[in-house]
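# Breakdown of the fold
Spelled out from the first residue to the last, the chains are:
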Amino acid sequence: MSIFAGSGAVILAIYLFLAPTLPDTEELKNVELQTPLRVYTEDGRLISEFGEKRRSPLTYEETPKQFINALLASEDDSFFEHFGIDLKGLARAVFELMRTGRKKSGGSTITMQVAKNYYLSSEKTFARKFTEIMLALKIEQALTKEEILELYINKIYLGKRAYGIEAAAQVYYGKSIKELNLAQLAMIAGLPQAPSAANPINNPQRAMDRRNYVLARMRTLDMISGEEFEEAARAPVTARYHGAVSEISAPYIAEMVRRDMVERFGEEAYTAGYSVYTTVNSVRQLAANRALQAGILKYDRDHGYRAPKPSVAPVMLDVPSDPSLKEWQDKADASRDIDWAQTLDDWSEVLREQEELGLIAPAIVTKIEKTGVWFLRDGAEFWLPMSGILWAKPYVDVNIVGKEPTQPSAVLTVGQQIWIEDTKEGPVLAQLPEVEGALVSMKPDDGAIQALVGGFSPSSNQFNRVIQADRQPGSAFKPFIYSAALANGFTPASIINDAPVVFEDASLESTWRPENHNGKFYGPTRLREALYRSQNLVSIRILKQIGPSTAVKYVEPFGFPRSKLNADLSLALGASAVSPMELATGYCALANGGFAVKPYLIHRIEDNSRNILFSADPVAVCHACEEAKERAALAAASGQLPDADDEIAAPVVAEAPTNEAPRIMDKRTHFLMISMLKDVVRLGTGQRALALNRDDLAGKTGTTNDQKDAWFSGFSPDLVTTVWIGFDQPQTLGKWAFGSNTALPVWVDYMGDALKGVPQHPFEQPDGIVSVRIDPATGLLARPGQTDAIFEYFREEDVPHEFAGSNTAGDSELESSGQSEVTPEQLF
């Protein structure tokens, strides 16, 4: 007793001396725990989290009582009795230090550990230890025991980036601490002593020993019964690593948000517990992931099987250098009982270190038979029939593949790492594609990004092609040139000669002889027809007539940086490189009625207490606002003085956006352009979109010179989507690859899911537009009784005044009969 009394007196004296210099423990009541940055979809599904410290704070009341008991049994069984320090334990630690010169047991109470975790470094000196003791005494005076425990369980490091018991439960068991059984609770309670070296992932046996020690302490203290002890102590280690549980795969979105948050908040973005809610629609994002990967994988299969990777692990067999199938299998069967189990374990470990890439997953061939192969995945063997291998004709070059394989051994070997795609018909052999792609989908009325995929997989390349890849859009850019033409006096019936032309343009530095892809010339062609046929020479003549500088000035407000737009005739063919995001932004104006919007991704940002720090206020289209203004303008022009209650007295619209999108296209110009783009789907290179059975779709394909880029950008009034397919280092996709058969199928696949349940929303015809019968050959008014006449839209003032002089036949008969001519897509 005299020793303890003396120790107490010394401690009291030191406390009185150091107390004025100690930190204010009241700060602990307002401490902000470091928690990661979390990114969510618009409907609250987790996309990703960033930050070294995974943490999910709990209150004392939310913590299971059985865990509190396990923790106290393990770390500080007299916690509720002592005043911050354990004099017996402390004296024992000092005695051991003096006797051996080494610190064997710390004698630290939970309160002392809180003091160390929140205030002190981890250095092992007498000065730090005394300061720790003094702080513990001060903390006990300022906080209740429950408050101290709450700080401890939320701050303590428990391995694998997990700080706090809730984060540890998620990391090791993939569920809340409230859902764990006694053995699992004891496992986590035993982690503070050696969270890295003795956690159940890094050292299962050592972790089990520590768990059973905790259980034994609980039994000694009568916290659990003998039966509970026996059951928990016999339980196997069930922990395995559970990373951040991403509910929606959107890695490119996550990285865009991360960069934005670091720009806003610096390194604090990773630790302050911010929650970012994006504009991403989870259903559409999942559809985009699947559609883009499926389209890229189809292109990859169509172009043959490239040289496979070598075996990933030794097969542990004495295999001849060029074995026949029978020799191989005989040796495999002979040794299977001896070493096969270990080999499969080794290969399973190799596969565990790799990740699935969306639609494809890694696997290893384990056995080859005449009708297929067995492969290892997820710790089990599965059957891949020959029907899933037949596509694997040898790749020769981008235009040529070899013969179809006749047996599995012609393609695969035992021990070879492969990729497997699960399809409705069963597993299919796959390979990691070399070709890439991008998809971005936006709400046209405000630019909210609904889905974004910047490549096949960010695992192999972090390059976000949606925002970082500037590529020539080819004919997908033509709608903006045609819009400029319509705004400068052209009509859909204007006749342009599709004939050979030679330009000697100083800005192009050489003589230029543009042509259509198929080398044909179609002669006098209506503007509408030229667009859905994607005729290059018509586009060039249009641009030459209105002037490149006029076109650039008109196109820039659609969202294209002026610095990217070539002010020469190549602009007509989409030779100005832009990103998929910029092209999609431009198409938003076509889809929303002619208003300029800007893409945005972050809807709101919340802090750790759910206070809203930022809420997006995007530029948005307000059709009702425009109509109200027009009514008010008409009233003012007529001298009408409305009553105060009249709706035209003050054009106020409920829920009007604070940032109203500016109009950049005349209503009538816009309608004419939409009607022409709908014909691209109805009659031209976009006909695959007819599979969606909707009448509110429009868009344009694009294929650049030598088929280096394939595009489709299209829309309904509710959703704009742009798809690009190509190689990162521009090279041909092959002579059979076009926007219509490479990018458009991806667009159709995605939009089929994205517009599911969305009612058709027809584009409205504005005042001042009329439909009249014209002669398809001349664009003039059809003669009475003309049998091949077609209807065309015009601005009222642009209706032709002359009648066609004679009847014509030919291509017009196709249109009058409603038949669709199969139109080869034109390059650019």
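Reading the values: the criteria
Residues numbered from 1 in each chain as written. Predicted model: local features only at pLDDT ≥ 70, side-chain atom pairs only at ≥ 80, totals over all residues. Heavy atoms only, no water. Helix = DSSP H or I, 4+ residues; strand = E, 2+ residues; numbered from the N terminus. Buried < 20%, exposed > 50% of the residue type's maximum accessible area, 1.4 Å probe, protein only. Contact = heavy atoms within 4.5 Å. Areas by Shrake-Rupley, 256 points an atom, 1.4 Å probe, with all protein chains shown as cover. Salt bridge = Lys/Arg side-chain N within 4 Å of Asp/Glu carboxyl O. Arc of directions from axis to C-beta. Core = buried A, V, L, I, M, F, W, Y, C linked by side-chain atoms within 4.5 Å. Phe/Tyr/Trp six-rings, centres within 6.5 Å; stacked < 30°, edge-to-face > 60°. Lys NZ or Arg CZ within 6 Å of the ring centre and 35° of its normal. Disulfide = S-S within 2.5 Å. Pairing = 2+ DSSP bridges. Axes fitted to C-alpha atoms, helices over the stretch in contact; angles between N-to-C directions. Parallel < 35°, antiparallel > 145°, perpendicular 65-115°, else oblique. Left-handed = near helix turned anticlockwise from the far one by under 90°. pLDDT = per-residue confidence, 0-100.

Secondary structure summary: the chain contains 23 helices and 23 strands in total. For the chain, buried positions account for 52% of its 828 residues. In the chain, of all internal contacts separated by at least 6 residues, the share reaching a separation of at least 24 is 70%. Within the structure as shown, the chain displays about 37500 Å² of accessible surface, and the carbon and sulfur contribution to it stands at 51%.

Turning our attention to the pattern of salt bridges. On inspection of all chains with the given rule, the structure shows 38 salt bridges. Of the charged contacts in the structure, one is a salt bridge between Glu436 and Arg465, with a shortest N-O distance of 3.6 Å. Of this pair, Glu436 sits in strand 11 (residues 436-442) while Arg465 sits in helix 14 (residues 465-468), and the two are 29 residues apart along the sequence. Neither residue differs from the other here; Glu436 and Arg465 are each classed as buried. With a shortest N-O distance of 2.8 Å, Glu626 and Arg663 are connected by a salt bridge. Placement of Glu626 in helix 20 (residues 623-637) and of Arg663 in the loop between helix 20 and helix 21 (667-682) is noted, with a sequence separation of 37 residues between them. Overall, Glu626 belongs to the buried group, its relative accessible area being 14%. Through salt bridges that share partners, Arg290, Asp749, Asp753 and Lys756 make up one connected network.

The phi angle at Asp222 is positive, at roughly 60°, despite the residue not being glycine. You will see that Ser534, though not glycine, has its phi angle at about 60°, which is positive. Residue classification places Ser534 among the buried residues on the basis of a relative accessible area of 0%.

This part is about helix 18 (residues 548-555). Among the residues making up helix 18, those that are buried are Ala551, Val552, Tyr554 and Val555. Looking down the long axis of helix 18, one finds its buried residues gathered within 165° of arc, a one-sided arrangement. Across from the buried face of helix 18, at angles greater than 90 degrees, the exposed residues are Ser549 and Lys553.

All right, on to the environment of Leu744 then. Relative to the assigned elements, Leu744 resides in helix 22 (residues 739-754). Here Leu744 falls in the buried class, since its relative accessible area comes to 0%. Here the alpha-carbon distance between Leu744 and Gly686, two residues 58 residues apart in the chain, equals 7.3 Å.

Turning to the nonpolar core, a few remarks are in order. One finds Leu590 and Phe715 to be the most contacted residues of the largest nonpolar core, which totals 89 residues. Looking at this core, the element that brings in the most residues is helix 19 (residues 580-591), giving 8 residues. Setting aside anything within four residues of it in sequence, one finds Phe715 in contact with Tyr587, Leu590, Ala591, Ile674, Leu677, Asp696, Leu697, Ala698, Val720, Trp747 and Phe763. Residues Leu143, Ala169, Ile188 and Ala207 belong to the second largest nonpolar core, which totals 50 residues.

Turning our eyes to something else, we now look at the packing of aromatic side chains. The geometry of an aromatic ring pair is captured by the separation of the ring centres together with the interplanar angle, meaning the angle of the planes. Evaluated as defined, the whole model comprises 17 aromatic pairs. Geometrically, the ring pair formed by Phe480 and Phe558 is edge-to-face, given 5.2 Å between the ring centres and 70° between the ring planes. One end of the pair, Phe480, is in helix 15 (residues 478-487); the other, Phe558, is in the loop between helix 18 and helix 19, with 78 residues separating them in the sequence. Judged by its relative accessible area of 0%, Phe480 falls in the buried class. Put simply, the rings of Phe477, Phe480, Tyr554, Phe558, Phe560, Tyr587, Phe715 and Phe763 pair up and form one aromatic cluster. Seen from the ring of Phe79, Lys145 lies directly overhead, with NZ or CZ sitting 4.5 Å from the centre. Over the face of the ring belonging to Tyr277 we find Arg604, whose NZ or CZ atom lies 4.0 Å from the ring centre.

One way to say it: the disulfide is the covalent bond shared by the sulfur atoms of two cysteines. Following the criterion strictly, the structure yields 1 disulfide and no others. Disulfide pairing is shown between Cys622 and Cys625; the S-S distance is 2.0 Å. When the S-S torsion is 75°, as for the bridge of Cys622 with Cys625, the disulfide is right-handed. For Cys622, a relative accessible area of 8% corresponds to the buried category.

Moving on, we come to the pairing of strand 5 (residues 372-377). The element strand 5 is largely enclosed, with a buried count of 5 among its 6 residues. Bridge count for strand 4 (residues 360-369) against strand 5 is 5 bridges, and the pairing is antiparallel. Within strand 5, the position partnered with Val365 by the bridge is Phe375. Here strand 5 pairs with strand 6 (residues 380-385) via 6 bridges, running antiparallel. Within the sheet, the bridge partner assigned to Phe375 lies in strand 6 and is Phe382. From the end of strand 5 to the start of strand 6, which pair antiparallel, there are 2 residues, and Asp378 there has a positive phi angle of about 55°.

Quick look at the side chain of Gln535 now. Here Gln535 shows up in the loop between helix 16 (527-533) and helix 17 (536-546). Look at Gln535 and you get buried, because its relative accessible area is 0%.

When two helices pack together, their arrangement is captured by the angle between the axes and the distance separating the axes. The geometry of helix 15 relative to helix 17 is characterised by a closest axis approach of 10 Å and an angle of 45° between their N-to-C directions. If you check the angle between helix 15 and helix 17, you find them oblique. Considering the relative orientation of helix 15 and helix 17, their crossing is left-handed. Residues Lys478, Ile481, Tyr482, Ala484 and Ala485 of helix 15 form the contact with helix 17, whose own contacting residues are Asn536, Val538, Ser539, Ile542, Leu543 and Ile546.

So, about the confidence of the model for the chain. The predicted model of the chain has a mean per-residue pLDDT of 84, with 81% of residues at 70 or higher. Here residues 314-326 is a poorly scored stretch, pLDDT under 50, and it has 23 contacts once near neighbours within four places are set aside; other chains count. Confidence drops under pLDDT 50 across residues 807-828; counting only partners more than four residues distant or on other chains, this segment forms 69 contacts.

Packing of helix 15 against helix 19 brings their axes to within 10 Å, and their N-to-C directions diverge by 40°. Between helix 15 and helix 19, the interaxial angle falls into the category oblique. The way helix 15 lies across helix 19 gives a crossing that is left-handed. Counted together, Pro479, Phe480 and Ser483 of helix 15 and Leu583, Gly586, Tyr587 and Leu590 of helix 19 form the full contact between these two elements.

So, about the sheet that holds strand 19 (residues 698-703). Pairing is antiparallel in the open sheet, where 5 strands are placed in the order 12-11-21-20-19. Unpaired on one side and paired on the other, strand 12 (449-453) and strand 19 mark the two borders of the sheet. Strand-to-strand, the axes of this sheet are offset by a mean angle of 5°, without reference to chain direction. Pairing geometry for strand 11 and strand 12, over 4 bridges, is antiparallel. Of the residues in strand 12, the one forming a bridge with Val440 is Leu452.

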